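Architecture and fold: a report
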Amino acid sequence: MIRSVRFIVAVLAALPLCAPPVLAQLVNRPTQPLGPSAYMFAGTGLETGQSVSLWTPTSGNAFQASRQAIWTPDYPVWNCRLYYPNWMMRGSTSLSQELDGVQPITIERDTVQVGGGPAISVTFGGSLSTTIAAGGGIWSDPIPVTFAARTKLLNNVATAAQVATNSMFGMFQPNASLGEAFQTSSTSLASNVATGAVANTGSTSLFAYGAAAMACQGYDGRPVALVYGDSIATGTGEPATFADDRGNRGWLARGLDLSTNGATRFPFAKWAAPSAAARQVTVASDFTRRFQMIDALPNVPFTHILSQIGLNDATGSLSTWQTRITTALGLLRTKFPQARIIQFGFTPYTTADNSAGTTAAGQSFVTSHDWPSGFTQQVQNALAGLPSPVDQFVFIEDWFDNTSTRCGAGGGSAGKWRTDQTFSTTLAASTAANATTISLPLAPEIGAALAINAGNTGSAMVTVTNVSGGVGGNFTVTVFPAITSAQTSGATVREIAAQDLLHPSSAMARTAAACFSAIKSSVMR
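For clarity, every value in this text was computed on a predicted model and none was experimentally measured.

1. Here we look at the overall build of the protein chain
Helices and strands together make up the secondary structure of the protein chain, namely eight helices and 26 strands. Here the protein chain has a C-alpha radius of gyration of 23 Å; the compact-globule value for 525 residues is 24 Å, and the two agree. Projected onto its principal axes, the C-alpha positions of the protein chain cover 65 × 60 × 45 Å. Taking all contacts inside the protein chain whose residues are at least 6 apart in sequence as the whole, residues at least 24 apart take part in 77%.

Structure below.
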């Protein structure tokens, strides 16, 4: 595998470069000088809704109130505007990446708070309330307040849905540790939102409705990113409770927002969805709602497009696989010609025998994803040759397979999940079948993936969701999913990089985020 050059390698000589078509139906946004008056993405912790389960409002839950945590960037901002959609992103076998709501959503009241301060009203066309048609979206009026750098805002919104057979969708999973909340009611909760008194009593099986993006004035000139990606960019496998202290999930979002070792934080917005594939957006209509969202602002609110998509486009044709990715990026280039497009490489995709991901030898490549000579690596090399419209390519596989010293000690196996995690212990007590807790003498990280009894019949792969106890005794560790087979005391417990050998664990995402953060200033030049 070519590693001496970080970002650019020679394109495969035999591969024809496939330039995406220029689509006449798209109107280019003109290049504009960006300064403090420009509206730029500025709301860490927000992302376009990706809830895949719709629900039918009843008389008991047709009214909602949510409290959503948002962080402003590392510079003062003012005239902030919040975006509310009545559509969501959804990757699926039907290849539909934008899914419209099927009934109107009425925002009855919206306020923001700083700390325990007063609730500041958010308006829409001068009104305290608005109704968003199915498939529509709305930016709020500018909030006439200057927020200091790194300010945590709590956004409170009360909504009303129609009680019918129609369905409504949510936007985010509230994380109580971040101050977020969600409640439902048979009567309006607008008065609660007016004072910021939102109770956390909503069903944990439902997603709360909230804002999908925030754009503010006050831009200081640093890069601002649009993250376009699939489930790995989304943070699949990382519930809200696994998010970092600023609400980020997924290695890319985490890395953009890290300031460790003096790194610069870069504001961003996320267009990422589970199962998303580049082949879903080969016509302009598949970007309709997202383009409408951007067109409603006076300027393009980002400087870079970070694409972490393509793994789901695997095909037996090398040129087709590449074309799927470059065509989707070509649509974004046509629409946003001023944005620099950075394509990231692929993460491992393997299956395992009873080694449960603890060894490289026990992992097998999924068809078309074999390394280093299979299509996965060949597509990467082709994209790294910078076919139009790719401006820069970044190899990331060694952050996850540990084949170089760029993100660890090196010595891993190309294209297979790294196996150098240091957490290792044994069960302190036997565990019954279908158990959701285990007893350990050492405490693993919340979000870590664990292999139990690896190498033996009945081994299990789980994720740590909670850790308690440990004072004068063992730790009680809650895991998901339930452990199918009974395990005996003394069985080995080892951390692994990915519970399903497709999506990195939350702990692995944090590791990769730190690796990206160390080079992001040179990448986003």
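2. Details of the sheet that holds strand S16 (residues 304-308)
In space, the five strands of this open sheet follow the order S15-S14-S16-S17-S20, with parallel pairing throughout. Only two strands of the sheet have a single partner each, and these edge strands are strand S15 (268-272) and strand S20 (392-394). Averaged over neighbouring strand pairs, the angle between their axes works out to 20 degrees when direction is ignored. Across five bridges, the pairing between strand S14 (residues 225-229) and S15 is parallel. Within S15, the position partnered with Val227 by the bridge is Lys270.

3. Some words on the nonpolar core
Side chains of a nonpolar character, in soluble globular proteins, are inclined to be buried together. Of all hydrophobic cores here, the largest spans 113 residues; its most connected members are Trp251, Phe302, Phe336 and Trp399. Ignoring anything within four residues of it in the chain, the contact list for Trp251 reads Ile232, Gln308, Phe344, Ile396, Trp399, Phe400, Ala509, Ala512, Ala513 and Phe516. Phe423, Ala460, Val464 and Val493 belong to the second largest nonpolar core, which has 14 residues in total.

4. Things to note about the environment of Asn155
Mapped onto the fold, Asn155 is located in strand S11 (residues 152-160). Sequence separation of Asn155 and Leu82 is 73 residues, and the distance between their C-alpha atoms is 9.4 Å. A polar contact is formed between the side chain of Asn155 and the side chain of Tyr84, at a distance of 2.9 Å.

5. Examining helix H8 (residues 506-523)
At Ser517, H8 is bent by approximately 40 degrees, the largest bend along its length. Where the residues of H8 are buried, they touch helix H3 (251-256), strand S17 (340-344), S20, helix H7 (397-401) and strand S26 (492-496).

6. Regarding the confidence of the model for the protein chain
Confidence along the protein chain averages 88 in pLDDT terms, with 91% of residues attaining 70 or more. Confidence drops under pLDDT 50 across residues 1-25; counting only partners more than four residues distant or on other chains, this segment forms 60 contacts.

7. Observations concerning the side chain of Asp398
Looking at the element boundaries, Asp398 is found in helix H7. At 2.7 Å, the side chain of Asp398 and the side chain of Arg406 are in polar contact.

8. Focus on the state of the cysteines
This model, assessed by the stated rule, comprises two disulfides. Two residues, Cys407 and Cys515, share a disulfide whose sulfurs are 1.5 Å apart. What sets the handedness of the Cys407 and Cys515 disulfide is the S-S torsion sign, and at about 50 degrees it is right-handed. With a gap of 108 residues between them, Cys407 in the loop between H7 and strand S21 (424-426) and Cys515 in helix H8 connect regions that are remote in the sequence. In this structure, Cys407 and Cys515 share a single accessibility class: buried. Taking only the cysteines that form disulfides and numbering them from first to last, the protein chain has the pattern 1-2, 3-4.

9. A short note on the packing of aromatic side chains
Taken as a whole and judged by the stated rule, the model has 18 aromatic pairs. For the ring pair Trp251 and Phe344, a centre distance of 5.5 Å and an interplane angle of 85 degrees mean the geometry is edge-to-face. Residue Trp251 is found in helix H3, and its partner Phe344 is found in strand S17; the two are separated by 93 residues along the sequence. The pair Trp251 / Phe344 is uniform in exposure class, with both members buried. The interplanar angle of 80 degrees and the centroid separation of 5.6 Å between the aromatic rings of Phe291 and Phe336 together place this pair among those described as edge-to-face. Of the two residues, Phe291 sits in helix H4 (residues 288-295) while Phe336 sits in the loop between helix H5 (318-335) and S17, which places them 45 residues apart along the sequence. An identical accessibility class is assigned to Phe291 and Phe336; each is buried. Each member of the aromatic cluster is reached from another via a ring pair, and the members are Phe41, Tyr228, Trp271, Phe287, Phe291, Phe302 and Phe336. Against the face of Phe291 rests Lys335, its NZ or CZ located 5.4 Å from the ring centre.

10. What to know about the sheet that holds strand S24 (residues 460-469)
With antiparallel pairing, six strands are arranged side by side in an open sheet as S21-S26-S23-S24-S25-S22. Taken across any chain shown, the strands that pair with only one partner, and hence form the sheet edges, are S21 and strand S22 (435-440). Each adjacent strand pair in this sheet contributes to an overall mean axis angle of 40 degrees, direction not counted. Alignment of S24 against strand S25 (residues 475-483), held across six bridges, turns out to be antiparallel. Across the sheet, Val464 pairs through a bridge with Val479, a residue of S25.

11. Considering unusual backbone geometry
The step from Ser388 to Pro389 runs through a cis peptide bond, and the omega angle for that step is 10 degrees. A cis amide bond links Phe480 to the next residue, Pro481, at an omega of -5 degrees. Looking at the element boundaries, Pro481 is found in strand S25. Phi is positive for Ser368, which is not a glycine, with a value near 80 degrees. By the secondary structure assignment, Ser368 is in the loop between strand S19 (363-365) and helix H6 (375-384).

12. Notes on the side chain of Asp244
Tracing the sequence through the fold places Asp244 in the loop between helix H2 (231-234) and H3. Comment: no salt bridge for buried Asp244; closest opposite-charge side chain is Arg254, at 4.5 Å. Engagement of the side chain of Asp244 in a polar contact is seen with the backbone nitrogen of Asn248, the distance being 2.8 Å. Excluding its chain neighbours within four sequence positions, the residues that come into contact with Asp244 are Leu178 and Arg254.

Rules and cut-offs
Residues numbered from 1 in each chain as written. Predicted model: local features only at pLDDT ≥ 70, side-chain atom pairs only at ≥ 80, totals over all residues. Heavy atoms only, no water. Helix = DSSP H or I, 4+ residues; strand = E, 2+ residues; numbered from the N terminus. Rg over C-alpha atoms; globule rule 2.2 N^0.38 Å. Contact = heavy atoms within 4.5 Å. Pairing = 2+ DSSP bridges. Axes fitted to C-alpha atoms, helices over the stretch in contact; angles between N-to-C directions. Core = buried A, V, L, I, M, F, W, Y, C linked by side-chain atoms within 4.5 Å. Buried < 20%, exposed > 50% of the residue type's maximum accessible area, 1.4 Å probe, protein only. Polar contact = N/O pair within 3.5 Å; in protein donor to acceptor, adjacent residues only side chain to side chain. Bend = angle between axes of the 7 residues up to and from the residue. pLDDT = per-residue confidence, 0-100. Disulfide = S-S within 2.5 Å. Phe/Tyr/Trp six-rings, centres within 6.5 Å; stacked < 30°, edge-to-face > 60°. Lys NZ or Arg CZ within 6 Å of the ring centre and 35° of its normal. Lys, Arg positive; Asp, Glu negative; His and termini not counted. Salt bridge = Lys/Arg side-chain N within 4 Å of Asp/Glu carboxyl O.

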